[in-house]
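Below are the chains, spelled out letter by letter.
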Amino acid sequence: MDKQAKLDTSFMGQPRGLATLFLTETWERFSYYGMRAILIYYMIQAVQYGGLGFDQTTAASIMSIYGSLVYMTGVIGGWLSDRIWGSRRTVFIGGVLIMLGHIALSIPGGTPALFSSIGLIVIGTGLLKPNISAIIGGLYSETDRRRDAGFSLFVFGANFGAAVAPIVVPWASDGFGIKLFGSHIDYHAGFALAAIGMFFGLLQYYFDGKKYLPSNGLYPKDPIERENLRPIITWSLIVVIAIAAVFGLLAITGNLNIESVIWLITIVAIAIPVVYFTTMLNSRKVNKVEKSRVWAYIPLFIASAMFWAIEESGSTILALFAANRTVLHLGGWHFQPANFQILNPLFIMLLTPLFIVIWSRWKNQPSAPGKFSGGLMIAGLSYVFIALPGLLYGTDGKVSPLWLVGSWFIVEIAEMLISPIGLSVTTKLAPKAFTAQMISMWMLSDSVGQAVNAQIVKFYTPGTEVQYFLAVGGASILLGLILLLFTKPIHKLMAGVD
């Protein structure tokens, strides 16, 4: 990075290129969270009222495995960036696929349109998400203290788009927000609005990026050599054939259904990071210091997966809690279940300026493992908190919306200790030959958390509500305490990275 780039403070004290990525992510998150705010309700709504008629357990499992796939494909996005397209081109292609996915869902095509949309958005987000973060990392030198604040500002932009979406997209569905039962809802209008949002994001990224993003992002960092192309093609074909064989076997045995596919994806989601860590630790392109840093990253990865299992339940377990267990008014203010999805990004926006100041001024702040430990324990407390209304009043009636508000506020404090810090430390611990792919590993922690959710959401019912929240929340608190005990050894393995 040249001296001029180091001194660039034209965007709120950060490099100007951050503004381009900030706005791109704002529009992408608007499209994704707008779709996500209404998707589970679209699936469980009766067909005669404009939905697909799925049962709630199946819908929650599909939502979780959908989220898992979205972040799982980041591995492919990182590899294509590092080896073929470069990060800037990969981000653009991903954005186009996301837009097409929202367009598919905006067409009244029933279940086939749903799964077509899922496929497009899964691949597109996998291309976009890891690489846009990698581009941000390239805006700073290794010693630039603005890095954590820059990532926090980027997260703020993402959450601004995500905060607007749960209000605007449900409104587009029927003009007043979603009425879950008893009225026909044009969900497809809301999905169309998500597609329009991604279109604006692509326009902004393409034209602004030409001026302000580093040109080295147009080229792969570790391009494939011709002699290495044949084994890659061979292994790709083997994977495709193996997947086809598995699905064929399931079909022959009469087990090809949504539940078995979700189980298969869960297993793959857990297996991929194991394979990836093994590959990096045995690669000749990774030196001794870099391998030490990869070892340090493994416990942070596990902690992150536990956190995301709780945080990502906002679109599944907490969405169902909002629809079934929450009084949908506060005084004279009436609202809809989908509107609760605003709480996640809203609290992040409110908390981000505070944490930017904290990280910028706190000279002897905890190391990344210390922050992760605190984040895990706080995330667990958010589930303990939402278990309280069931303990106090039972699980048959409806409770104040303030319980949901409080639980979301607690978990977003935890996110400020894990999400931007995790993005930042991932770029610093990444081996040079696996830069974008290491960002993919960060995304995979979210994938693992949601894949596990796809299985455990089956145990969430009104009768098990309290036990569910206490068990998952308690597991997070326990893991946070264990991580706290190993903070110093992990920090030592980070080999000079703070």
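Since the structure is predicted, the reported quantities are computational estimates derived from the model, not experimental observations.

### Notes on the overall build of the protein
Helix and strand content of the protein: 18 helices and 2 strands. Relative to its 498 residues, the protein shows a buried fraction of 57%. Counting 33 positive and 25 negative side-chain charges, the protein places the averaged centre of each group 9 Å from the other.

### Looking at a nonpolar patch on the surface
Residues Trp27, Ile196, Phe199, Phe200, Leu203, Tyr206 and Phe207 make up a contiguous nonpolar surface patch of about 660 Å² in total accessible area. The element contributing the most residues to the nonpolar patch is helix α8 (residues 187-212), with 6 residues. With respect to the helices and strands, tryptophan 27 occurs in helix α2 (residues 17-44).

### Side note on the environment of leucine 351
Here leucine 351 is to be found in helix α13 (residues 343-361). Counting along the chain gives 58 residues from leucine 351 to phenylalanine 409, while the straight-line C-alpha distance between them is 9.5 Å. Apart from residues no more than four positions distant in its own chain, leucine 351 is found in contact with Phe409, Glu412, Ile413 and Met416.

### Focus: empty space enclosed by the protein
Here the structure, examined in full by the defined rule, presents 3 cavities of 30 Å³ or more. Here the largest cavity is characterised by a volume of approximately 320 Å³. What lines the largest cavity is a set of 23 residues, and nearest its centre among them are Tyr71, Lys129, Trp308, Glu415 and Ser419. No other element matches helix α7 (residues 147-174), which puts 5 residues into the lining of the largest cavity. Here the lining of the largest cavity is composed, by residue class, of 11 nonpolar, 5 polar and 7 charged.

### Examining the nonpolar core
In terms of nonpolar packing, the biggest core is built from 135 residues, with Leu21, Leu39, Tyr41, Met43, Met441 and Phe469 touching the most fellow members. The element contributing the most residues to this core is α2, with 16 residues. Aside from chain neighbours lying at most four places away, what touches methionine 441 is Pro273, Tyr276, Phe277, Met280, Tyr297 and Phe301.

### Some points on the layout of surface pockets
What the largest pocket holds in volume is close to 2,100 Å³. Lining the largest pocket we find 49 residues, and of these Val75, Ile76, Val239, Val268 and Ile272 sit closest to its centre. Looking at the lining of the largest pocket, the elements with two or more residues in it are α3 (56-72), α4 (74-85), α6 (110-137), α9 (226-252) and α10 (258-282). When grouped by side-chain class, the residues that make up the lining of the largest pocket number 36 nonpolar, 9 polar and 4 charged.

### Quick notes on the pattern of salt bridges
Taken as a whole and assessed by the stated rule, the structure comprises 6 salt bridges. Here glutamate 312 and arginine 36 are joined by a salt bridge, their closest N and O atoms 2.8 Å apart. Of the two residues, glutamate 312 is situated in the loop between α11 (288-311) and α12 (317-325) and arginine 36 in helix α2; the sequence distance between them amounts to 276 residues. Since its relative accessible area comes to 6%, arginine 36 is described here as buried.

### Regarding helix α14 (residues 368-393)
The terminal C-alpha atoms of α14 lie 39 Å apart, and with 26 residues this matches the ideal 38 Å at 1.5 Å per residue to within 8%. Of all the bends in α14, the greatest reaches close to 25 degrees and is centred on alanine 387; the proline proline 389 follows between one and four positions later. Backbone geometry just after α14 places glycine 394 at a positive phi near 85 degrees.

### Some words on the confidence of the model for the protein
Per-chain confidence: the protein averages 87 in pLDDT, with 96% of residues scoring 70 or above. Per-element confidence in the protein is highest for helix α17 (residues 465-485), whose mean pLDDT is 96, and lowest for helix α1 (residues 3-6), whose mean pLDDT is 44. Per-residue pLDDT stays below 50 along residues 1-6; that stretch engages in 9 contacts with residues further than four places along the chain or on separate chains.

### Some points on the packing of aromatic side chains
Aromatic rings considered in pairs are described by the distance between their centres and by the relative angle of their planes. Summed over all chains, the structure comprises 25 aromatic pairs. Members of the aromatic cluster, joined through ring pairs, are Phe321, Tyr383, Tyr460, Tyr468 and Phe469.

### Description of helix α15 (residues 402-429)
In this model, α15 (28 residues) spans 40 Å end to end at C-alpha, consistent with the 40 Å of a helix rising 1.5 Å per residue. In the structure, α15 departs most strongly from a straight axis at glutamate 415, where the bend amounts to approximately 40 degrees. The buried fraction of α15 amounts to 23 of the 28 residues, a majority that puts the element mostly inside the structure.

### Thoughts on the side chain of serine 283
Relative to the elements of secondary structure, serine 283 occurs in the loop between α10 and α11. On the basis of relative accessibility, which here comes to 12%, the residue serine 283 falls in the buried class. Separated by 3.1 Å, the side chain of serine 283 and the backbone nitrogen of lysine 285 make a polar contact.

### Comments concerning the packing of α4 against helix α5 (residues 87-106)
α5 packs onto α4 with a crossing angle of 130 degrees between their chain directions and a minimal axis gap of 8 Å. Taken together, α4 and α5 sit at an angle that is classed as oblique. In the crossing of α4 with α5, the sense of the turn from one axis to the other is right-handed. Between α4, through Gly77, Leu80, Ser81 and Trp85, and α5, the contact on the second element is made entirely by Ser87, Arg89, Thr90 and Ile93. Class assignment of the residues belonging to the contact of α4 with α5 gives a composition of 3 nonpolar, 4 polar and 1 charged.

Rules behind the numbers
Residues numbered from 1 in each chain as written. Predicted model: local features only at pLDDT ≥ 70, side-chain atom pairs only at ≥ 80, totals over all residues. Heavy atoms only, no water. Helix = DSSP H or I, 4+ residues; strand = E, 2+ residues; numbered from the N terminus. Buried < 20%, exposed > 50% of the residue type's maximum accessible area, 1.4 Å probe, protein only. Lys, Arg positive; Asp, Glu negative; His and termini not counted. Charge placed at Lys NZ, Arg CZ, Asp CG, Glu CD. Patch = residues over 30% accessible without salt bridge, like charges linked within 9 Å, V, L, I, M, F, W, Y side chains within 5 Å. Areas by Shrake-Rupley, 256 points an atom, 1.4 Å probe, with all protein chains shown as cover. Salt bridge = Lys/Arg side-chain N within 4 Å of Asp/Glu carboxyl O. Contact = heavy atoms within 4.5 Å. 1 Å grid on protein atoms, 1.4 Å probe; cavity = no way out; pocket = protein on both sides within 12 Å on 5 of 7 lines; lining within 4 Å. Points joined across faces, edges and corners; volume = space filled by probe spheres on them. Nonpolar A, V, L, I, M, F, W, Y, C, P; charged D, E, K, R; others polar. Core = buried A, V, L, I, M, F, W, Y, C linked by side-chain atoms within 4.5 Å. Expected span 1.5 Å × (residues − 1). Bend = angle between axes of the 7 residues up to and from the residue. pLDDT = per-residue confidence, 0-100. Phe/Tyr/Trp six-rings, centres within 6.5 Å; stacked < 30°, edge-to-face > 60°. Polar contact = N/O pair within 3.5 Å; in protein donor to acceptor, adjacent residues only side chain to side chain. Axes fitted to C-alpha atoms, helices over the stretch in contact; angles between N-to-C directions. Parallel < 35°, antiparallel > 145°, perpendicular 65-115°, else oblique. Left-handed = near helix turned anticlockwise from the far one by under 90°.

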